[in-house]
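Each chain, written out:
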Amino acid sequence: MPREAMLARALVELADTLVADFDVVELLTLLTDRCVEVLDVDAAGLMLAAPEGDLRVMASSSEALRLLELFELQAQEGPCLEAYRVGLPVVNQDLATVNGRWPRFVPEAIAAGFHSVHALPMRLRGSVIGALNLFHIEPGLMRQADIDAAQSLADIATIAILQHRAVQEAQMLNEQLSHALNSRVVIEQAKGMLAEREGLNMEQAFARLRTHARNHNARLADVARDVISGALPAAGLGRTLPPRHA
Amino acid sequence: MNRGGERRLRILELLGGQAAPGLGTKRLCEVGAEVTGMTGAGIMLMSGDIPRGSVCTTGGVSSLIEDLQYMLGEGPCVDAWQQDRPVLEPDLANPHTPRWPAFSRPAVEAGVRAVFGFPVQVGAVRLGALNLYCDRAGPLTDEQHADALVMADIAAQAVLLLQAHASPGHLAAELEADGDFQYVVHQASGMVAAQLDIGVGQSLVRLRAYSFANNRPLAQVARDVVARRLRFDAGTGDGRQE
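Computed from a prediction, not measured in an experiment: that's the story for all the values here.

### Re the pairing of strand β2 (residues 55-60) of chain A
Then step 1. Taken across its six residues, β2(A) has five buried, putting it largely inside the fold.
Then step 2. Counting the residues between successive antiparallel strands, the hairpin from strand β1 (residues 43-49) of chain A to β2(A) contains five residues, one of them, G53(A), with a positive phi of roughly 105°.

### With respect to the interface of chain A and chain B
Then step 1. At the junction of the two partners, chain A supplies 26 residues and chain B supplies 27 residues.
Then step 2. It is helix α6 (residues 144-198) of chain A that contributes the most residues to the side of chain A that touches chain B, 24 residues altogether.
Then step 3. Class assignment for the residues of the side of chain A that touches chain B results in 13 nonpolar, eight polar and five charged.

### Here's the deal with the sheet that holds strand β3 (residues 87-89) of chain B
Then step 1. With antiparallel pairing, the five strands of this open sheet are ordered in space as β2-β1-β5-β4-β3 (chain B). The outermost strands of the open sheet, each flanked by one partner alone, are β2 (50-57) and β3 of chain B. For this sheet the average axis-to-axis angle between neighbouring strands, irrespective of direction, equals 25°.
Then step 2. The pairing of strand β1 (residues 40-47) of chain B with β2(B) spans six bridges and is antiparallel. Residue pairing in the sheet places I43(B) in a bridge with C56(B) of β2(B).
Then step 3. On top of the sheet, α6(A) reaches β1, β2, β4 (114-122) and β5 (125-134) of chain B; it is set at about 80° to β5(B), its chief contact.
Then step 4. Here helix α2 (residues 26-36) of chain B sits on the sheet in contact with β1, β2 and β5 of chain B, set at roughly 125° to β1(B).

### Some details on helix α4 (residues 79-86) of chain A
Then step 1. Within α4(A), the full set of buried residues consists of P79(A), C80(A), L81(A), A83(A) and Y84(A).
Then step 2. Following α4(A) by one or two positions, G87(A) has its phi on the positive side, about 75°.

Reading the values: rules and limits
Residues numbered from 1 in each chain as written. Chains lettered and ligands numbered in written order. Predicted model: local features only at pLDDT ≥ 70, side-chain atom pairs only at ≥ 80, totals over all residues. Buried ≥ 20, exposed ≤ 12 C-beta atoms within 10 Å, placed from the backbone. Helix = DSSP H or I, 4+ residues; strand = E, 2+ residues; numbered from the N terminus. Pairing = 2+ DSSP bridges. Contact = placed C-beta atoms within 7 Å. Nonpolar A, V, L, I, M, F, W, Y, C, P; charged D, E, K, R; others polar. Axes fitted to C-alpha atoms, helices over the stretch in contact; angles between N-to-C directions.

Written out as structure tokens, the structure reads:
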């Protein structure tokens, strides 16, 4: 299959994850595998920033590379970290000539058989969430077309991840909203029931519910639910404060 | 910036930092109407199959549109919510395909000639629907439709953002301030449940039936119950004015 077709297929595959059920690790593994297939690189790895801000390796096209990236992270240096921190591509780094730039990373990379390294930021507008690491065995420049293609793959993965996170957060907030509203509704229903049974107005009924909740160290919504269900009888509910101890 | 982005920016500028913690949500609805060129707008919260209440409305007619849907369980927002897509009725008085028999007449009588419902959601997380109405019949233009979609999206995010700042377990103060979650109806449900010795769910059904049979808004009936002007008789199960 011609290269353009492979790239197009990879992009569609990634875009599919935007609508389907989403597994982050699956997506990123797919991304690194496709990079190797489509971009004529020898290994690819991907790191995402954890909530605390430190980079964690999420996927790689081979186990050997994984070790390398773990090292890179620990050493706190390397093209991947740079691309993430600065939010810009770090490309065409010939490891034989970058003397002094990454003093611990370079010898490890060469020992692993790699002589050329590139890193592309995973970013969307202002957010950089990680970086894509590409490795060549042979030294030499990566073609601009390949760099652009790699950035496209990284960009789609970034969008998918950010979208997924946004939806997860929205879900959580929606549940909180629903829960808060349910609690309110139940409290209003209980006010009505108590008001009717005890001949009170709504403020008085509310005060009784609150008093009972305080006396029994219970949540107002739970007390309300018990009143509605009949588990708590309305008669005399919350009429008195607890007696003062001498 | 692409056109969608420009549209969004324009709407956010109109909101001008409103619908932020400390301020009510009414401005959301006002901008919704302004930006789409509609006479009025409102945002309904829904869950399961039913409306839960209103986040905001621009005024009396929009409130009526929401109250009717709350009471009757039919209408453009209900359909938009259930079908998960915009529901458009450009000519409520002479619809191409008649629908919403109980909703349409009182709405038309109140001056609604065109009405549109847009789902309010963030991805698959659904909150409710945006309703827009116009006092003249006519479809939305492509621009208005596109603006409505962006407005619905912004509304979803604004509501969630407000709730994010609420104290745990409570509805955000901004949502309480301009919202109407039909508390008086729930109070009345509690009272009628005690009067008839039935569950609150059943009691709400009774209240709705009474409202419909007597052609009165549900909230008004509920207020009568709470004010003890209306009781439901344990013997007959009927409502009786005191």
